[in-house]
Amino acid sequence: MELNKIEDLLAKYFQGETSIAEENQLKKYFSSPDVAQHLEQYKPMFGYFSQAKEQKSTYEIPLQSKKRNLAWLSIAASAVLLLGIGTYFFVSEQNNTTAVASQTELGTYDNPEEALKATQKALALLSNNVNVGIESVQYIKEYEQSKNKIFKR
């Protein structure tokens, strides 16, 4: 085999552009005893590839049964489902007792002064929230005016 051709194949090999047939030519050349002196450094690399190809692993991988895992998975899913259903009924029962108690007390005051104070307190909270909303609308109006100045239509 020509030395120039081998050098070209090596260059292509290190660029990752060789085909399988070209790599086999390189392996064949480097396994022969007549390798050029300046290419001797690549001989162990191609020799290693041929040795590694012949090695076989004797380690056995133990296989685990998936049925046992599936059984535990179904038991865990059942437990989670039962816990969820129990929690739902417990919380809904508490909400029902609270709702019944609050419906009987809703809007009933024996003293008119207490009713007036509670009404004033509720209206003050509502007024504060409405004022916050109105301030936000003012910011939006200023933004619209600025936008209209910048982007003239």
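What counts and how
- Residues numbered from 1 in each chain as written.
- Predicted model: local features only at pLDDT ≥ 70, side-chain atom pairs only at ≥ 80, totals over all residues.
- Heavy atoms only, no water.
- Salt bridge = Lys/Arg side-chain N within 4 Å of Asp/Glu carboxyl O.
- Helix = DSSP H or I, 4+ residues; strand = E, 2+ residues; numbered from the N terminus.
- pLDDT = per-residue confidence, 0-100.
- Core = buried A, V, L, I, M, F, W, Y, C linked by side-chain atoms within 4.5 Å.
- Buried < 20%, exposed > 50% of the residue type's maximum accessible area, 1.4 Å probe, protein only.
- Axes fitted to C-alpha atoms, helices over the stretch in contact; angles between N-to-C directions.
- Parallel < 35°, antiparallel > 145°, perpendicular 65-115°, else oblique.
- Left-handed = near helix turned anticlockwise from the far one by under 90°.
- Contact = heavy atoms within 4.5 Å.
- Nonpolar A, V, L, I, M, F, W, Y, C, P; charged D, E, K, R; others polar.

*Asks:* Help me get a handle on the pattern of salt bridges, residues and values and all.
*Replies:* Counted under the stated rule, the structure contains one salt bridge. Ionic pairing is found between Glu 22 and Lys 12, a salt bridge with its closest N-O pair at 2.9 Å. Remark: Lys 12 occurs in helix 1 (residues 3–15) and Glu 22 occurs in helix 2 (residues 20–31); sequence separation between them is ten residues.

*Asks:* Tell me about the confidence of the model for the chain, and name the residues and values.
*Replies:* Considering every residue of the chain, the mean pLDDT works out to 79; 85% of them sit at 70 or more. Element-level mean pLDDT values for the chain span from 72 in helix 3 (residues 43–54) up to 85 in helix 1.

*Asks:* Residues and numbers for the nonpolar core, please.
*Replies:* Formed by Ile 6, Leu 9, Leu 10, Tyr 13, Leu 26, Tyr 29, Phe 30, Val 35, Ala 36, Leu 39 and Phe 46, the largest nonpolar core amounts to eleven residues. Of all the elements in the fold, those that place two or more residues in this core are helix 1 and helix 2. Here the element with the most residues in this core is helix 1; it accounts for four residues.

*Asks:* Kindly report on the packing of helix 1 against helix 2, identifying the contributing residues and their values.
*Replies:* In contact at an axis separation of 10 Å, helix 1 and helix 2 are set at 125° when each is read in the N-to-C sense. Overall, the two elements helix 1 and helix 2 adopt an arrangement that is oblique. The interaxial crossing formed by helix 1 with helix 2 has left-handed handedness. Touching Leu 3, Lys 5, Ile 6, Leu 9, Leu 10, Lys 12 and Tyr 13 of helix 1 are Glu 22, Glu 23, Gln 25, Leu 26, Tyr 29 and Phe 30, all from helix 2. A breakdown of the residues in the contact of helix 1 with helix 2 according to their chemical character gives eight nonpolar, one polar and four charged.

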